[in-house]
Every structure is written in structure tokens, then in C-alpha cells.
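# Descriptive analysis of the structure
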Amino acid sequence: MHLRNLILIFVGIPAVELILLFEIHGILGFFSTVLLIFATGIIGAILVKKQGIQNLIKIQQELNIGNLPAPQIMDGIMILLSGALLLTPGILTDIFGFALLTPSFRTFFRTIVINKVKSKYSQNFVQVNYVDTDNL
């Protein structure tokens, strides 16, 4: 990952989140803004738990019939990520977190990730070197 991307993720996004929270504070007031932060966290945790359990059941069903549950595993990772985003105070993280709880958005996002990985592997080859440390 490039330094520019890391700066955007770890500095830019929190800065935008703070600006948005200050704007909401100016519109709704302090108590309502804090209530909004807690409400999205609580609602998000409930939805993540419910969808996580449903996803685990789907994974078990796929395994029981002998299928590899790759899409369901990716969904599980996205549901876990949505939980982390929803517990993080902020508007952008909440929007993306709730979007990841939507099955149609997860399908869309999963397609993007798969296509990105496929394009990376088709453009480059991966070389793995094995060093036998026992014979050194």
C-alpha cells in the first residue's frame, strides 16, 4: 500500500469524520449528536449479531452439502468489518458499515474485490521461494 493511501485512511478519514460530527453538533446539538453515535453503535451491533448468525448457518449448510462456502465467508468478513465500522464513531464509517449490512451491497462489493484480485493475478505472477533451513 502506498504512503498516500495510508495517510488518506489514517488521517484523512478521521479528519472528515470530525468535521461531519462538528457539523451535526451544530445542527442537532451536543446531546443529540452523542445519542446518534450511541444509537448507531447499538443498532449496528444488533444487526451484525443477527446477520453474523444467519451467515454462519449458511456456511454450515454449504459445508453440509459439500460446497465451498467462499461467498459466505467473504460475507462474514464484510459483516465483521461492518461491525467494526459501526462501533467507530463517525458518519462516513456508519454509512459504509450499514451499507455492508445490505446483502445487495455486499454482493456488489464482493464482485469488485474478486475482479480486483483477478486483475492483479492476471497482470503479475507470484513467485514463492522456499528455503530449507534444516540443511543450512
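In case you missed it, the structure is sitting above this.
Residues numbered from 1 in each chain as written. Predicted model: local features only at pLDDT ≥ 70, side-chain atom pairs only at ≥ 80, totals over all residues. Heavy atoms only, no water.

So, about the pattern of salt bridges. Oppositely charged side chains can form a pair if their charged atoms are brought close together. In total, this model carries two salt bridges according to the counting rule given. Between R106 and D75 there is a salt bridge whose closest N-O contact spans 3.7 Å. Linking R106 in helix α5 (residues 103-123) with D75 in helix α3 (residues 70-87), this pair joins segments that are 31 residues apart in sequence. The exposure class assigned to R106 is buried, which follows from its relative accessible area of 6%. Close ionic contact of D75 with R110 constitutes a salt bridge, the shortest N to O distance being 2.4 Å. Of this pair, D75 sits in helix α3 while R110 sits in helix α5, placing them 35 residues apart in sequence. (Salt bridge = Lys/Arg side-chain N within 4 Å of Asp/Glu carboxyl O. Helix = DSSP H or I, 4+ residues; strand = E, 2+ residues; numbered from the N terminus. Buried < 20%, exposed > 50% of the residue type's maximum accessible area, 1.4 Å probe, protein only.)

Across all of its chains, the model carries four aromatic pairs by this definition. Geometrically, the ring pair formed by F105 and F108 is tilted, given 6.1 Å between the ring centres and 45 degrees between the ring planes. In this pair, F105 and F108 both sit in helix α5, three residues apart, roughly one turn of the helix. On the basis of relative accessibility, which here comes to 48%, the residue F108 falls in the partly exposed class. With a centroid separation of 6.1 Å and an interplanar angle of 10 degrees, the aromatic rings of F105 and F109 are classed as stacked. Of the two residues, F105 and F109 both sit in helix α5, four residues apart, roughly one turn of that helix. (Phe/Tyr/Trp six-rings, centres within 6.5 Å; stacked < 30°, edge-to-face > 60°.)

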